[in-house]
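Chain and residue survey
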Amino acid sequence: MPRILKLHPGPPRELDLKGAYLAHRLHELGTAQAPFVYANFVSSLDGRIAVRDPATGEGRMPEGLTSGSDYRLLLELQAQADCLITHGGYLRAIADGHLDDILQIGTRDFNRDLAQWRADNGLAPQPAVLVASGSLDFPIPDSLARHGQRVIVATGDNAPADRAAELRGRGYEVVTAGRGRAVEGGPLVRALGGLGFRSLFMLSGPRMLETMLRDDALSRLYVTIAHRLIGGESVHTLIDGPELGAKGRLRMEELHYDSAAPDGCGQWFARFEPLREG
Ligand SMILES: NC(=O)c1ccc[n+]([C@@H]2O[C@H](COP(=O)([O-])OP(=O)(O)OC[C@H]3O[C@@H](n4cnc5c(N)ncnc54)[C@H](OP(=O)(O)O)[C@@H]3O)[C@@H](O)[C@H]2O)c1
């Protein structure tokens, strides 16, 4: 496993990549009254997190953006959650074969240690999964039932009532957490806290990040910045929607440097905390 350099806070020192994010003990930072909500993105220097395929319009990860190192850190973040926040788009992408199903923790040989870490730290074998969706039009992967994971669907108060009823009929919990069709960050986090969850990892994209930031509901943002330019004419960046203004202010609390991956370019692993107003 690679060594990385911790640059900030100083003085610089080397450490093993493995365990670097488990050391954050995110599962201990929240309470049911104030769950700890955290997200992770991998970005290029020109701010790309994905490019759109011109033929299908589907997003895909460009070659050379990610590495085994940032994937390991993503899995360490995920391992500390008692609930994953994902969305309809991800479940559709799994069903279409565009993205891998990574809704379980420690189920493969290379990450088996994370299942043990959860057991040692008093977490359930697998996290619950919250699916945010306005359309309520998504398949639920079999893997969730196979691993006994609780599934909760969140939607707006104007979501299709027949689909909500159908999901409830199949035994899924459906919570209303927003006006119109969209889910809003504050009501969503309160609803999940009300169900007893304390650490919420966002396995989701730009729209959910915006949803949380606009409501001051994000506790921490992890960003891996790969030292390469991607270009591309139609791309996804970290955030969607209108300008964020002061809601987009962040402070960097930690920075690690991996000089080798991906593809010899190197990458920074940065941890940011949103700056609240006042
Ligand atoms: N590099 C990285 O670290 C990284 C990280 C995340 C994503 N990505 C990539 O970036 C691209 C775009 O990400 P994405 O697929 O997550 O797209 P997105 O546009 O952020 O979200 C897609 C879907 O999520 C649901 N959704 C999101 N926010 C919601 C809200 N507030 N209320 C209700 N539903 C909401 C909607 O589902 P319904 O249509 O069901 O209503 C929406 O269609 C993808 O290619 C993805 O793979 C890259």
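Shown above is the structure to which this text applies.
The notes below deal with the structure included here. This is a predicted model, so every value here is computed, not measured.

**With respect to the side chain of Arg 72**
Turning to its location among the elements, Arg 72 is positioned in helix H1 (residues 68–79). What makes Arg 72 buried here is its relative accessible area of 6%.

**Looking at the site of the ligand**
Around the ligand, the surrounding shell holds 25 residues, and the nearest of these are Val 42, His 87, Ser 133, Gly 134 and Val 183. The contact in question runs from an oxygen atom of the ligand to an N or O atom on the side chain of Ser 133, over 2.6 Å. Val 183 places a main-chain nitrogen or oxygen 2.8 Å from a nitrogen atom of the ligand. Considering the ligand on its own, with 900 Å² of exposed area, one finds that the protein chains cover 83% of that surface. With respect to the detected pockets, the ligand is housed in the largest pocket.

**Focus: empty space enclosed by the protein**
Summed over the entire model, instances satisfying the criterion amount to one cavity of 30 Å³ or more. Reported here for the largest cavity is a volume of approximately 60 Å³. Taken together, Leu 213, Asp 216, Ala 217, Leu 218, Ala 246, Lys 247, Pro 274, Leu 275, Arg 276 and Glu 277 form the lining of the largest cavity. Split into classes, the residues belonging to the lining of the largest cavity amount to six nonpolar, no polar and four charged.

**Quick word on the environment of Thr 176**
If you trace the backbone, Thr 176 turns up in strand E9 (residues 173–176). A C-alpha to C-alpha distance of 5.7 Å links Thr 176 and Asp 157, two positions 19 residues apart in sequence. Excluding anything up to four places from it in sequence, Thr 176 contacts Thr 155, Gly 156 and Asp 157.

**Regarding the sheet that holds strand E4 (residues 50–52)**
If you walk across this open sheet you meet the three strands as E5-E4-E12, and the pairing is antiparallel. What marks the edges here is a single partner per strand, and that holds for strand E5 (59–60) and strand E12 (235–236). Examined bridge by bridge, E4 and E12 share two bridges and lie antiparallel to one another. Each residue of the ladder has a partner; that of Val 51, found in E12, is Val 235.

**Some thoughts on the pairing of strand E10 (residues 199–202)**
Neither face of E10 is left uncovered, since the one carrying Ser 199 and Phe 201 and the one carrying Leu 200 and Met 202 both have all their residues buried. Strand direction decides the pairing type here: strand E3 (residues 36–44) and E10, joined by four bridges, are parallel. What sits directly across from Phe 36, in E10, is Ser 199.

**Things to note about helix H7 (residues 206–214)**
Here H7 lies mainly inside the structure; seven of its nine residues are buried. Listing the buried residues of H7 in full gives Pro 206, Met 208, Leu 209, Glu 210, Thr 211, Met 212 and Leu 213. Count one or two residues on from H7 and you reach Asp 216, which has phi positive near 55 degrees.

**Examining the layout of surface pockets**
Estimated volume of the largest pocket: approximately 1,700 Å³. What lines the largest pocket is a set of 48 residues, and nearest its centre among them are His 87, Tyr 90, Leu 99, Ser 204 and Gly 205. Contributing elements (two or more residues each) for the lining of the largest pocket: E3, E5, H1, helix H2 (88–96), E10 and H7. Considered class by class, the residues forming the lining of the largest pocket number 19 nonpolar, 17 polar and twelve charged.

**A closer look at unusual backbone geometry**
Note: most residues except glycine have negative phi, and most peptide bonds are trans. In this structure, Pro 11 follows Gly 10 across a cis peptide bond, with omega equal to -5 degrees. Note on placement: Pro 11 falls in the loop between strand E1 (3–8) and strand E2 (13–16). Following Ala 261, the chain continues to Pro 262 via a peptide bond in cis, the omega torsion being -10 degrees. One can find Pro 262 in the loop between strand E13 (250–258) and strand E14 (267–274). Located in the positive-phi region is Leu 136, a residue other than glycine, with phi close to 55 degrees. Summarising the element assignment, Leu 136 is placed in the loop between strand E7 (128–132) and helix H4 (142–146). For Asp 216, which is not glycine, the phi torsion reads 55 degrees and is therefore positive. Take Asp 216: it is sitting in the loop between H7 and strand E11 (220–226).

Rules of the game
Residues numbered from 1 in each chain as written. Predicted model: local features only at pLDDT ≥ 70, side-chain atom pairs only at ≥ 80, totals over all residues. Heavy atoms only, no water. Helix = DSSP H or I, 4+ residues; strand = E, 2+ residues; numbered from the N terminus. Buried < 20%, exposed > 50% of the residue type's maximum accessible area, 1.4 Å probe, protein only. Near = heavy atom within 4 Å. Polar contact = N/O pair within 3.5 Å; in protein donor to acceptor, adjacent residues only side chain to side chain. Areas by Shrake-Rupley, 256 points an atom, 1.4 Å probe, with all protein chains shown as cover. 1 Å grid on protein atoms, 1.4 Å probe; cavity = no way out; pocket = protein on both sides within 12 Å on 5 of 7 lines; lining within 4 Å. Sits in = over half its atoms within 2 Å of the grid points. Points joined across faces, edges and corners; volume = space filled by probe spheres on them. Nonpolar A, V, L, I, M, F, W, Y, C, P; charged D, E, K, R; others polar. Contact = heavy atoms within 4.5 Å. Pairing = 2+ DSSP bridges.

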